[in-house]
Amino acid sequence: MRFIMIGIILVFAGFLVLGIFGHDFQAATLESGEFGTCYEYFDDKPPVEINCSFKIFEQTIFFGGIIGLIGIGIISLIKGVKGDWDNNVKPEDMVGPGGRQTDDSDKD
């Protein structure tokens, strides 16, 4: 069950980060494909022309990290759904109803 929860959180976090920060990294492909030159934009000064390969490399690293985060979440989900490791408990380690370990204070 915990792998399912971890998987859901990781996949959600991956899509959330992609949605929040993804728009900053999609401009490199459009600029290089349409115009052939890339620019770095600032709030307080005019745009500066930069090498497109650096901007595309940053974009690739960002999307690779997002794919990795979502991939780890999916693997965790698959592991959680299989879940047979949770049921493979040795009989001597089981406690609770139906388990072999009982409290000796009940015997009077």
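Quick look at the structure, then. Just so you know, these numbers come straight off a predicted model, no measurement behind them. (Residues numbered from 1 in each chain as written. Predicted model: local features only at pLDDT ≥ 70, side-chain atom pairs only at ≥ 80, totals over all residues. Heavy atoms only, no water.)

## A look at the packing of helix α2 (residues 27–34) against helix α3 (residues 52–82)
Running from amino to carboxyl end, α2 crosses α3 at an angle of 150 degrees, the nearest separation of the two axes being 9 Å. As for the relative orientation of α2 and α3, their crossing is left-handed in sense. In contact with Ala28, Thr29, Glu31 and Ser32 of α2, α3 contributes Cys52, Lys55, Ile56 and Gln59. Residue classes in the contact of α2 with α3 are distributed as three nonpolar, three polar and two charged. (Axes fitted to C-alpha atoms, helices over the stretch in contact; angles between N-to-C directions. Helix = DSSP H or I, 4+ residues; strand = E, 2+ residues; numbered from the N terminus. Left-handed = near helix turned anticlockwise from the far one by under 90°. Contact = heavy atoms within 4.5 Å. Nonpolar A, V, L, I, M, F, W, Y, C, P; charged D, E, K, R; others polar.)

## Focus: the state of the cysteines
In the structure shown here, the tally under the stated rule is one disulfide. Put simply, Cys38 and Cys52 are joined by a disulfide, and their sulfur atoms are 2.1 Å apart. Of note, the bridge from Cys38 to Cys52 carries an S-S torsion of about 110 degrees and is right-handed in sense. Taken together, the residues span a long stretch of sequence, with Cys38 in strand β1 (residues 38–40) and Cys52 in helix α3 at a distance of 14 residues. Classification of Cys38 as buried rests on a relative accessible area of 0%. Taking the relative accessible area as the measure of exposure, Cys52 reaches 12% and is therefore buried. (Disulfide = S-S within 2.5 Å. Buried < 20%, exposed > 50% of the residue type's maximum accessible area, 1.4 Å probe, protein only.)

## Quick word on the side chain of Ser76
Among the secondary structure elements, Ser76 is positioned in helix α3. When its relative accessible area of 8% is taken as the criterion, Ser76 is described as buried. Residue contacts for Ser76: discarding those within four places in its chain leaves Phe3, Ile4, Ile6 and Gly7.

## Some remarks on the packing of aromatic side chains
One pass over the structure, following the stated rule, counts two aromatic pairs. Ring plane angle 45 degrees and centroid distance 6.5 Å describe the contact between Tyr39 and Tyr41, whose orientation is recorded as tilted. On the basis of relative accessible area, Tyr39 is assigned to the partly exposed category, the value being 29%. Centre to centre, the rings of Phe62 and Phe63 are 5.3 Å apart; their planes meet at 65 degrees, and the pair counts as edge-to-face. A relative accessible area of 13% means that Phe62 is categorised as buried. Since its relative accessible area comes to 27%, Phe63 is described here as partly exposed. (Phe/Tyr/Trp six-rings, centres within 6.5 Å; stacked < 30°, edge-to-face > 60°.)

## Regarding α3
Given 3.6 residues per turn, any residue in an α-helix points the same way as the ones three and four places further on. Between its first and last C-alpha, α3 extends 44 Å over 31 residues, near the 45 Å set by a 1.5 Å rise per residue. Turning to α3, its buried residues number three or more, namely Cys52, Lys55, Gln59, Phe62, Ile66, Ile70, Gly73, Ser76 and Gly80. Each element contacted by the buried residues of α3 is listed here: α1 (2–25), α2, β1 and β2 (48–50). Once α3 finishes, Gly83 follows within two positions and takes phi at roughly 50 degrees, a positive value. (Expected span 1.5 Å × (residues − 1).)

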